[in-house]
Amino acid sequence: MQNMHAHCKICISALRLKLLNVLGSYCVFFGKFTYGLINVSNQSDREVTTLGDISKLCIIGAGFAGLTATRVFKALNYEVTLYEKDSEVGGVWAASRRYPGLTTQNTRSTYELSDFPMPSDYPEWPSGAQVQAYMHSYVINYNFSDQVHLNTEVTNTIYRPESQTWEVSTATKMADGSIKNDIQDFDYLIVGNGIFSIPSVPHYLGQEAFASAGGRLCHTSEFNNREDAKGKHVLVIGYGKSSCDVANAIAPLTASTRVIARNLIWKIPKMIANKLNYKHLFLSRMSEALFRYIRLRGMDKFFHTIGNPIRKSMLNTVEYIIEKQLGLRRLGLHPNKPLETIARSTVSLVSDGFYEAIDRGDILMHKHTEIVELMAGKARLSSGEVVPADIIVCGTGWHQRCTFLDQDVLSKVTDEEGNFRLYRSILPVDMPRLAFNGYNSSFFSQLNCEVGALWLADYLNGGFSLPSHEQQNLDIDARLAWMEARTDGKHSKGTNIIPFSIHNIDELLEDMDMNVGRFTQFFQWTGAVQPKSYGYLLPELQKKYLIT
Ligand SMILES: Cc1cc2nc3c(=O)[nH]c(=O)nc-3n(C[C@H](O)[C@H](O)[C@H](O)COP(=O)(O)OP(=O)(O)OC[C@H]3O[C@@H](n4cnc5c(N)ncnc54)[C@H](O)[C@@H]3O)c2cc1C
Ligand SMILES: NC(=O)c1ccc[n+]([C@@H]2O[C@H](COP(=O)([O-])OP(=O)(O)OC[C@H]3O[C@@H](n4cnc5c(N)ncnc54)[C@H](OP(=O)(O)O)[C@@H]3O)[C@@H](O)[C@H]2O)c1
């Protein structure tokens, strides 16, 4: 009876949420007449750049960033060479980096590329292997496998200012196991090496004794075989998506599975109130407007001024539903901070059945806890407890680094704290002939990569000019300061734009004067953004620059 009562309350809240969503959408509709959705960017103080002769491009990495850049630039008749150190394309989705049970967080249709639909028989949340296969078929479909050099690591790069060229050194693993070194010159370098590509694993006191006794310490991206956990005592460190997924996948096999989390965060269920696909609420323009962007304009301004009660009410309703649905108070896993903090630097969905596994005792939670020391076959926790440990899997995040860039270049691209200083998350201000793609990761990361590549191609063809260096630096300063403040410093060295994917895409497309029309934008407020709405971009650029 009590359960039924609680269930009814959640359903009523879900209904209320849907109504608020509709109400918000009406506000958007009418707001367009009062506020105007798009501000025309200030074209004064713009710097016309002489780009010189750029035809031969080097791209590093065959994740979404590198593949979309290769596709775009090849379609615009550039000579492109992509180097990928792994034996297959895919980046985070490659077999060498997939942990057991990995699926997308985005739903299928929101994680496809604008001109290449995911197979319709893929599930709503495709597996890592399916995404990798999709990326492979993208290369085949658009016929650029000749441009992709697998098993080839970029080991060093030297910029030659006299010729404005890059000397790129590579090491290729040959079939017989030998290494072939090579050096090639290029006119332009695009870095797409991934901001979640280099694992960050803590160093623990006593880890050598732990390893000598047969213990294994690894990152989630290095834990590729579920069977390795069979019958073992496993500690999973962290409470991000990687950690919870791994704990969830191995719990049925292990002797014990413990999650050691120093902080609790909010997580979104795939189905809100077990009924509504989260994409309708969280993958739309409306959801981005719930969080305060660096500058407020259009409907964002409305939701953070006079529309604030609607915004707050929506967030409070979602918070209430999630808390009840997951039983967070009963499990002692309430983050004790508002849901709004979910958009700090990472947004996690709930791993399927994770909280139920905790409830059953299949996963043991150690909250607000860290490992202080490792010993043979065990670990001492900050709570004072000593727990058995055969394997320690760290979902402890990533380093944002470019080991192939020399110190001189790095000093022009990053600040003293290692933050990347990139205009529009793509271009360093004081370093010519260099761009980054995929450094604007969020939800829809694949689309951000694709639009990033299109923006760069348009810019290199002279399609638009950038603000002055001074103005770009001011913009970067303001953005880094804003990120620092809103994420408590956890902003992946300035490379992560969560949850503002669509804001980022709008900015890039407004520079290009090629944004989707108001009609599409309206539907992007009321429902999930569909990448296929952006499928017109590359053909438009081809029309603009190629005489066919
Ligand atoms: C496990 C996981 C799941 C994710 N799920 C989602 C999701 O559902 N939705 C979403 O929007 N975002 C998601 N993300 C964010 C994700 O990072 C992006 O979606 C996207 O796949 C990243 O693409 P990328 O090309 O920028 O980087 P990566 O996929 O990391 O690709 C970088 C590539 O560069 C290669 N490389 C690096 N250095 C060198 C070198 N020196 N020489 C040659 N090659 C090199 C690497 O081997 C790698 O293949 C996820 C991230 C992780 C870690
Ligand atoms: N498609 C998918 O299903 C999927 C899967 C995995 C990841 N992703 C995406 O990939 C990105 C990275 O996610 P992630 O889970 O790999 O990393 P993450 O979100 O950065 O989470 C790292 C976790 O490790 C903890 N941590 C970091 N350093 C630690 C230390 N020294 N000791 C103890 N704990 C430590 C952090 O705790 P604090 O909070 O205290 O810092 C946090 O809980 C996110 O954007 C995520 O959405 C998506």
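Note that the structure is a prediction, hence the values are computed from the model and not measured. (Residues numbered from 1 in each chain as written. Chains lettered and ligands numbered in written order. Predicted model: local features only at pLDDT ≥ 70, side-chain atom pairs only at ≥ 80, totals over all residues.)

A. Representation of the pairing of strand E2 (residues 56-60) in the model. Of all five residues making up E2, four are buried, and the element is well covered by its neighbours. Direction of pairing for E2 relative to strand E3 (residues 79-83): parallel, over a ladder of five bridges. Residue pairing in the sheet places Lys56 in a bridge with Glu79 of E3. Crossover E2 to E3 through helix H2 (residues 64-75) is right-handed. Bridge count for E2 against strand E8 (residues 188-191) is four bridges, and the pairing is parallel. For Ile59, the partnering residue across the bridge sits in E8 and is Ile190. (Buried ≥ 20, exposed ≤ 12 C-beta atoms within 10 Å, placed from the backbone. Helix = DSSP H or I, 4+ residues; strand = E, 2+ residues; numbered from the N terminus. Pairing = 2+ DSSP bridges. Right-handed = clockwise from strand over helix to strand, strands pointing away.)

B. Summary view of the nonpolar core. Residues Leu57 and Leu454 are the most contacted members of the largest nonpolar core, which totals 126 residues. Considering every element that reaches this core, the biggest residue donor is helix H13 (residues 445-460), with ten residues. Beyond its immediate chain neighbours, meaning those up to four positions away, Leu57 contacts Phe73, Tyr78, Glu79, Val80, Phe186, Asp187, Tyr188 and Ile190. (Core = buried A, V, L, I, M, F, W, Y, C linked by C-beta atoms within 7 Å. Contact = placed C-beta atoms within 7 Å.)

C. Summary view of the packing of H13 against helix H15 (residues 501-512). Packing of H13 against H15 brings their axes to within 10 Å, and their N-to-C directions diverge by 15°. When the interaxial angle is binned, H13 and H15 end up roughly parallel. Judged by the sense of rotation from one axis to the other, the crossing of H13 with H15 is left-handed. Between H13, through Leu447, Asn448, Val451, Gly452, Trp455 and Asp458, and H15, the contact on the second element is made entirely by Ser501, Asn504, Ile505, Leu508, Leu509, Asp511 and Met512. Of the residues in the contact of H13 with H15, the class split is seven nonpolar, four polar and two charged. (Axes fitted to C-alpha atoms, helices over the stretch in contact; angles between N-to-C directions. Parallel < 35°, antiparallel > 145°, perpendicular 65-115°, else oblique. Left-handed = near helix turned anticlockwise from the far one by under 90°. Nonpolar A, V, L, I, M, F, W, Y, C, P; charged D, E, K, R; others polar.)

D. Region of the structure containing the environment of Ala379. Relative to the helices and strands, Ala379 resides in strand E19 (residues 378-381). Taking the number of C-beta atoms within 10 Å as the measure of exposure, Ala379 has 25 and is therefore buried. Between the C-alpha atoms of Ala379 and Tyr204, which are 175 residues apart in sequence, the distance is 9.8 Å. In contact with Ala379, other than residues within four places in its own chain, are Leu235, Ile371, Leu374, Val387 and Ala389.

E. Main features of the sheet that holds strand E5 (residues 152-160). An order of E5-E6-E7 is seen for the three strands of this open sheet, with the pairing classed as antiparallel. In this open sheet, the two strands that pair with only one neighbour each are E5 and strand E7 (179-186). When the angles between neighbouring strand axes are averaged without regard to direction, this sheet yields 20°. With eight bridges connecting them, E5 and strand E6 (residues 165-173) associate as antiparallel partners. From the neighbouring strand, Thr157 faces E6, where its bridge partner is Val168.

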